[in-house]
Structure formats: C-alpha cells, structure tokens
Amino acid sequence: MTYGSFPGARPRRLRTTPAMRRMVAETRLHPSDLILPAFVREGVDRPVPISAMPGVVQHTMDTLRKAAVEAVEAGVAGIMLFGVPEDEKKDGAGTAGTDPDGILQVAIRAVRQEVGDDLVVMSDLCLDEYTDHGHCGVLDADGRVDNDATLERYAEMAQVQADAGVHVVGPSGMMDGQVGVVRDALDQTGHEDVSILAYTAKYSSAFYGPFREAVGSSLQGDRKTYQQDPANARESLRELALDLEEGADMVMVKPAGPYLDILAKVAESVDVPVAAYQISGEYAMIEAAAEKGWIDRDRAIMETLTGIKRAGANMILTYWATEVARGL
C-alpha cells in the first residue's frame, strides 16, 4: 500500500451523509427570510385563480385575512400587498391608488386588524394597477411618463398607505427621486416610523408576464424608459447610491434569479437589509415544468431560493413563502 498518494484532499468527505451536509451548509433558509406577495381584488366574492400562476389567486378581503394568518402561523416575516381595483375606477392619474377607501388601503387596514404587528405589512407604492394606461406614473401631453408629476402622486400614496397602517412602503415605479419624495411625505405627515423598501434595481424584464394578469394590468407599450436595461450592471449601483442618499431603509433587486450578479454586487456594497423578488415568471416556469414532469418541483423551489439567499439576499419575496416556511 502506498500512502500519501493523490488525492490527499477529498472535499467529498463533507458530503457523505445528509447529516454531514446539513452540518457544513454555508447557506440556510429560514421562514423569517420570506415575504409573501399577495393580490386583493375589488368587487369579487370568491378568490380568482391566476391562470399563469397555478396556486396563486386574486384574494377577496376574507381570503386575504386568512392568508395573512397562515403566513404568521408558518413564521413568514412579511406580506407585500397589491391592490386590483375595478376597471371602471381606473383613470389617467390612478386616483384609486390615493383614495383612502381604495382597495389597497382597505386591504392594509384589514390585514393589520387581523394580525397586528405579528406580520410586517408592506404595500406596493405604484400607480400601474390604478391607471387606465397601465404605466407606473402619469403621462404628459406626448404620452410619456412624467417623472416629477408622478412623484407628487407617490407622495399622496405614501400618506394614505401610512394612514391605513402599513409598516413598510415599497416604491416600485423607478421614478428618479421617488425615495426622497416618499420619505419627506411620510415624515411631514407624522409617519416617521414607516420604513421604505426601495425597488432599487428593477429591470425591464420578460419575466413579469404573469404579473400583468395578477394585477389586471392595462399596460399599453412597455416600461423601458424607466425600468432598467437588462444589459446594465453599473447603473444599478448608481441607483443604489441615490436611494441610500434619499433615505431608503432597505433595498431590493427585482427580478431575482436572472440578476443574481446584481444582487451580489448590491449586497456587498451596503449595510442595510437587501431584498430580492422572485417574480411571477420565475414562479410560473417552475410550476409549468414541474406539471410536465420535467423537473422536481420541491427541489427546484428550494434550489432557487437557496441561490437567491447565497447571492446575498436577507429577504426574499416569493409566492411560495408560506408553503416553504411550513416545510422549513
């Protein structure tokens, strides 16, 4: 027998059993890493399935309350609420989004009444669900999104969402200066304790497709003039610096899976919590492939979420949040 023969180092020794692999795992998911995005639709008396997102629905107020309770019981950290108004309430300015009795504000109050502070209640702060043209802001005479006029609307949205009891607002429209304006609006109306989760690097992505159905989008055209170009990376760090300067408490990269390199750059650059949003198209691909029997659904879900956390996310928005939290 020859001793000292190659190989001397055998990394496989640390992969020999499930217990060994658990012991040396570098990345661990926990229920408190997860945030559940949830849609609530006005004018329905039963949940409406979203065809492109099997297992996800547009909630009624009652089923939204139930989903919030289930998330708490599973140990999920937060819930991000999206309102879906009736079509006739949409207009060019998205006024349903700033109506104190609009669907999102009603949903915020309902969830807070149901779970109190046991779940971090977050709200999407954007106009796209409420405009008849489907863009994230108001349009100018030439049909372009007017950045500064939109900021005025965001300030109003921040106030009504905070008045409704939200813990965290998520300005997601990618308007220049949106974090600073929202911070000022919150502070000037006595809502200094409401946090801002900035959608810092939000890319113009093909993977948003199923989300359009989820929120009943009326989008005409695209959002390439304000969401980031998928070809650019340095640009996200510029956006990050601006958001932090304007007062962001947390920052987000969206989508998650196709932009893990951006997520890693952001996570390495900041000392605030970093979120990543595993969006509708990411969800739909796994569900569709699993339904065909092409992949192992549960393993694929855990692998993608682990990859997102490994890249640097402290928080992950995922439609599987409650299911995964229960399993953990």
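Before reading on, note that the structure itself is shown above.
Since the structure is predicted, the reported quantities are computational estimates derived from the model, not experimental observations.

Draft legend 1. Spotlight on the overall build of the chain. Secondary structure summary: the chain contains 11 helices and 10 strands in total. The C-alpha atoms of the chain give 21 Å as radius of gyration, which agrees with the globular expectation for 328 residues (20 Å, within 12%). Counting only C-alpha atoms and orienting by the principal axes, one finds that the chain spans roughly 85 × 45 × 40 Å. For the chain, with 328 residues in total, the buried portion stands at 50%. Contacts in the chain between residues at least 24 apart in sequence constitute 75% of all its contacts with a sequence separation of at least 6.

Draft legend 2. Structural context of a positive patch on the surface. A cluster of basic side chains, namely Arg 10, Arg 12, Arg 13 and Arg 15, defines a positive patch on the protein surface. Counting through the fold element by element, Arg 12 comes out in the segment before helix 1 (18-24). The class of Arg 12 is exposed, set by a relative accessible area of 67%.

Draft legend 3. Quick peek at the pattern of salt bridges. Evaluated as defined, the whole model comprises 17 salt bridges. As a salt-bridge pair, Glu 86 and Lys 89 come within 3.6 Å of each other at their nearest N and O atoms. As a salt-bridge pair, Arg 109 and Asp 101 come within 3.5 Å of each other at their nearest N and O atoms. Judged by relative accessible area, Arg 109 falls into the partly exposed class, the value being 28%. Because the salt bridges share partners, they merge into one network encompassing Glu 287, Arg 297, Asp 298 and Glu 323.

Draft legend 4. Region of the structure containing the pairing of strand 4 (residues 78-84). Strand 4 sits mainly inside the fold: seven of its seven residues count as buried. The two faces of strand 4 match: Gly 78, Met 80, Phe 82 and Val 84 on one face and Ile 79, Leu 81 and Gly 83 on the other face are all buried. As paired elements, strand 1 (residues 34-41) and strand 4 share seven bridges and run parallel to each other. When the bridges of strand 4 are listed, Phe 39 appears paired with Phe 82. Of the strand pairs in this sheet, strand 4 and strand 5 (residues 120-125) are connected by four bridges, and their pairing is parallel. The residue bridging Gly 78 from the neighbouring strand is Val 120, located in strand 5. Considered for its hand, the β-α-β crossover made up of strand 4, helix 3 (residues 103-115) and strand 5 is right-handed.

Draft legend 5. Region of interest: the nonpolar core. In this structure, Ile 79, Leu 81 and Tyr 154 are the most contacted members of the largest nonpolar core, which totals 93 residues. Apart from residues lying up to four places away in sequence, Ile 79 is in contact with Ile 35, Leu 36, Ala 38, Leu 64, Ala 68, Val 111, Leu 119, Val 120, Val 121 and Met 122.

Draft legend 6. Representation of the environment of Ile 279 in the model. Following the sequence through the fold, Ile 279 ends up in the loop between strand 9 (274-277) and helix 9 (280-291). Look at Ile 279 and you get buried, because its relative accessible area is 1%. A sequence separation of 38 residues divides Ile 279 from Leu 317, and the C-alpha atoms of the two residues are 7.9 Å apart. If near-sequence neighbours (up to four positions away) are discounted, Ile 279 is found in contact with Ser 205, Phe 207, Tyr 208, Lys 254, Pro 255 and Tyr 319.

Draft legend 7. Spotlight on the packing of helix 7 (residues 234-246) against helix 8 (residues 260-269). Helix 8 packs onto helix 7 with a crossing angle of 35 degrees between their chain directions and a minimal axis gap of 10 Å. In this structure, helix 7 meets helix 8 at a crossing whose hand is right-handed. Residues Ser 236, Leu 237 and Leu 240 of helix 7 pack against Ile 262, Lys 265, Val 266 and Ser 269 of helix 8. Grouping the amino acids of the contact of helix 7 with helix 8 by side-chain chemistry returns four nonpolar, two polar and one charged.

Draft legend 8. Representation of the pairing of strand 1 within the structure. Taking burial as the measure, the eight residues of strand 1 include seven buried ones, the bulk of the element. Looking at chain direction, strand 1 and strand 10 (residues 315-317) are connected through two bridges and run parallel. Along strand 10, the bridge assignment pairs Ile 35 with Leu 317. Relative to strand 3 (residues 57-59), strand 1 is paired through two bridges, and the arrangement is parallel. Bridge pairing links Phe 39 to Gln 58 in strand 3.

Draft legend 9. Examining the packing of helix 2 (residues 61-74) against helix 3 more closely. Put simply, helix 2 and helix 3 touch, their axes get as near as 9 Å, and they point 45 degrees apart. Taken together, the axes of helix 2 and helix 3 are oblique relative to one another. Note that helix 2 runs across helix 3; the crossing there is right-handed. Where helix 2 approaches helix 3, its residues Met 61, Leu 64, Arg 65, Ala 68, Val 69 and Val 72 are matched on the opposing element by Ile 103, Val 106, Ala 107, Ala 110, Val 111, Gln 113, Glu 114 and Val 115. Classifying every residue of the contact of helix 2 with helix 3 by side-chain character gives 11 nonpolar, one polar and two charged.

Draft legend 10. Molecular detail of helix 3. In this model helix 3 runs 18 Å from its N-terminal to its C-terminal C-alpha over 13 residues, within 8% of the 18 Å that 1.5 Å per residue would give. Of the surrounding secondary structure, the elements contacted by the buried residues of helix 3 are strand 1, helix 2, strand 4, strand 5 and helix 4 (147-164). Just past helix 3, the residue Gly 116 takes up positive phi, approximately 60 degrees.

About the criteria used
- Residues numbered from 1 in each chain as written.
- Predicted model: local features only at pLDDT ≥ 70, side-chain atom pairs only at ≥ 80, totals over all residues.
- Heavy atoms only, no water.
- Helix = DSSP H or I, 4+ residues; strand = E, 2+ residues; numbered from the N terminus.
- Rg over C-alpha atoms; globule rule 2.2 N^0.38 Å.
- Buried < 20%, exposed > 50% of the residue type's maximum accessible area, 1.4 Å probe, protein only.
- Contact = heavy atoms within 4.5 Å.
- Patch = residues over 30% accessible without salt bridge, like charges linked within 9 Å, V, L, I, M, F, W, Y side chains within 5 Å.
- Areas by Shrake-Rupley, 256 points an atom, 1.4 Å probe, with all protein chains shown as cover.
- Salt bridge = Lys/Arg side-chain N within 4 Å of Asp/Glu carboxyl O.
- Lys, Arg positive; Asp, Glu negative; His and termini not counted.
- Charge placed at Lys NZ, Arg CZ, Asp CG, Glu CD.
- Pairing = 2+ DSSP bridges.
- Right-handed = clockwise from strand over helix to strand, strands pointing away.
- Core = buried A, V, L, I, M, F, W, Y, C linked by side-chain atoms within 4.5 Å.
- Axes fitted to C-alpha atoms, helices over the stretch in contact; angles between N-to-C directions.
- Left-handed = near helix turned anticlockwise from the far one by under 90°.
- Nonpolar A, V, L, I, M, F, W, Y, C, P; charged D, E, K, R; others polar.
- Parallel < 35°, antiparallel > 145°, perpendicular 65-115°, else oblique.
- Expected span 1.5 Å × (residues − 1).

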